[in-house]
Amino acid sequence: MKRSLPALLLVAAAIAGCAGSKNKPPAPGESVAANPQVLLLGEVHDNPDGHKLRYQQLFRRVEAGWRPAIAMEQFDRENQALLNKAQKDCRDAQCVILVMAGPRWDWDQYRPIIDLALRYDLPLVAANLSRADASRVVRDGVASSFDEKTVAEYRLKEALPADIVKAQEKEIMAGHCNMLSDMMVPGMVHAQVARDIWMAKLLRAQQPRDVVLIAGNGHVRKDYGVPRWLNAVEPKLTVRSIGYVEDAAAPGLYDASYTVPKKQRPDPCASLKPKS
């Protein structure tokens, strides 16, 4: 049957809409025309507003047709087999959380993302170092947690880039109220760098499937975090980093950033300050 021109135009518009829905921008103000191979989504760990906004934006991408793996800092990498089993056997996020039994995190903040992964069958990837791994790195250096191939790829027998070391030292000192002894700082820098390299390595391992990283803002920073290590080896991937911050981010730290209301919390350094 011959269709009228208006009908044909409606069909064409519908087809175009379906084709474009996969690359639908995730939120007002986001200028991304397509989903990247690697999407890095930061957080202030205890800020619920940042968690909520991040989930909403990720949900829009998935609802529009994107099907990435989801790598999470909240799961230690050596527990991947257990995480695979939990994702296969569990019907909801609470079940996964109970199986993984990680005490260090406020799991209510991550429940929506885990449920999203279960609902859309998005593989969950355990992306963090355990405390035992981190302790070994503190003692023996960054290269101690990697095989020889990775050591060579990331040039870990050489000195770490000076700007990364300096930036990590600054963040670690600030995070410990500037009370750490000088002898403790280098090992802690090594542990943090090892985390970033492991995350970059595991994100690359998901290819050809796209992947999202859920991690603290420090890990997704472009100057010294996971993006820096993703760019250290070939082939280059399309990477987009988004920070969810309580204070406006300096230009260049992320590809995009969202400032969320600052959570009211006690000063963690108050008890360490000298009394007047």
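Use the structure listed above.
Residues numbered from 1 in each chain as written. Predicted model: local features only at pLDDT ≥ 70, side-chain atom pairs only at ≥ 80, totals over all residues. Heavy atoms only, no water.

(A) Here's a closer look at the nonpolar core. By size, the foremost hydrophobic cluster in this structure holds 42 residues, and its most contacted members are L203 and L213. Mapped onto this core, the elements with two or more residues apiece are β1 (38-41), β2 (69-76), β3 (124-128), α8 (162-175), α9 (185-205), β4 (211-214) and α11 (226-230). In contact with L203, not counting residues within four places along its chain, are V38, L40, A71, V211, L213, V226 and L230. By size, the runner-up hydrophobic cluster in this structure holds 33 residues, among which are V62, W105, I113 and Y244. (Core = buried A, V, L, I, M, F, W, Y, C linked by side-chain atoms within 4.5 Å. Buried < 20%, exposed > 50% of the residue type's maximum accessible area, 1.4 Å probe, protein only. Helix = DSSP H or I, 4+ residues; strand = E, 2+ residues; numbered from the N terminus. Contact = heavy atoms within 4.5 Å.)

(B) Region of the structure containing the pairing of β3. Of all five residues in β3, five are buried; the element is thus mostly enclosed. As defined by bridge partners, β2 adjoins β3 across four bridges and the pair is classed as parallel. Bridge assignment links M72 to a residue of β3, and that residue is A126. (Pairing = 2+ DSSP bridges.)

(C) Summary view of helix α4 (residues 93-100). Turning to α4, its buried residues are A93, V96, I97 and M100. Projection of α4 onto a plane perpendicular to its axis shows the buried side chains occupying an angular sector of 100°, all on one side. Summarising the contacts, the buried residues of α4 are in contact with β2, α3 (80-89) and α5 (111-120). Two or three places before Q94, at the opening of α4, D92 has a side-chain oxygen 3.3 Å from that residue's backbone nitrogen. Positive backbone phi, at 50°, marks A101, one or two positions downstream of α4. (Arc of directions from axis to C-beta. Polar contact = N/O pair within 3.5 Å; in protein donor to acceptor, adjacent residues only side chain to side chain.)

(D) Summary view of the pattern of salt bridges. Evaluated as defined, the whole model comprises 19 salt bridges. A salt bridge links K85 to D89; its shortest N-O distance comes to 2.7 Å. With a gap of four residues between them, K85 and D89 both fall in helix α3, about one helical turn apart. According to the relative accessible area criterion, K85 is exposed, its value standing at 52%. Among the residues examined, D89 registers a relative accessible area of 47% and is labelled partly exposed. (Salt bridge = Lys/Arg side-chain N within 4 Å of Asp/Glu carboxyl O.)

(E) Just the side chain of R204, in detail. Note that R204 resides in helix α9. Buried within the structure, R204 lacks any salt-bridge partner; E234 is the closest side chain of opposite charge, at an N-O distance of 6.3 Å. Look past the residues within four positions of R204 in its chain and what remains in contact with it is Y154, L230, V233, E234, P235, K236 and L237. (Lys, Arg positive; Asp, Glu negative; His and termini not counted.)

(F) Examining the sheet that holds β4 more closely. If you walk across this open sheet you meet the six strands as β3-β2-β4-β1-β5-β6, and the pairing is parallel. Of all strands in the sheet, those bounded by a partner on one side alone are β3 and β6 (256-259). The sheet shows a mean angle of 20° between the axes of neighbouring strands, direction not considered. Bridging between β2 and β4 involves four bridges; their strand directions are parallel. What sits directly across from A71, in β4, is L213. Of the strands in this sheet, β1, β2, β4, β5 (239-245) and β6 are in contact with helix α2 (residues 48-63), which crosses β5 at around 150°. α5 contacts β2, β3 and β4 of the sheet and is inclined by roughly 135° relative to β2. (Axes fitted to C-alpha atoms, helices over the stretch in contact; angles between N-to-C directions.)

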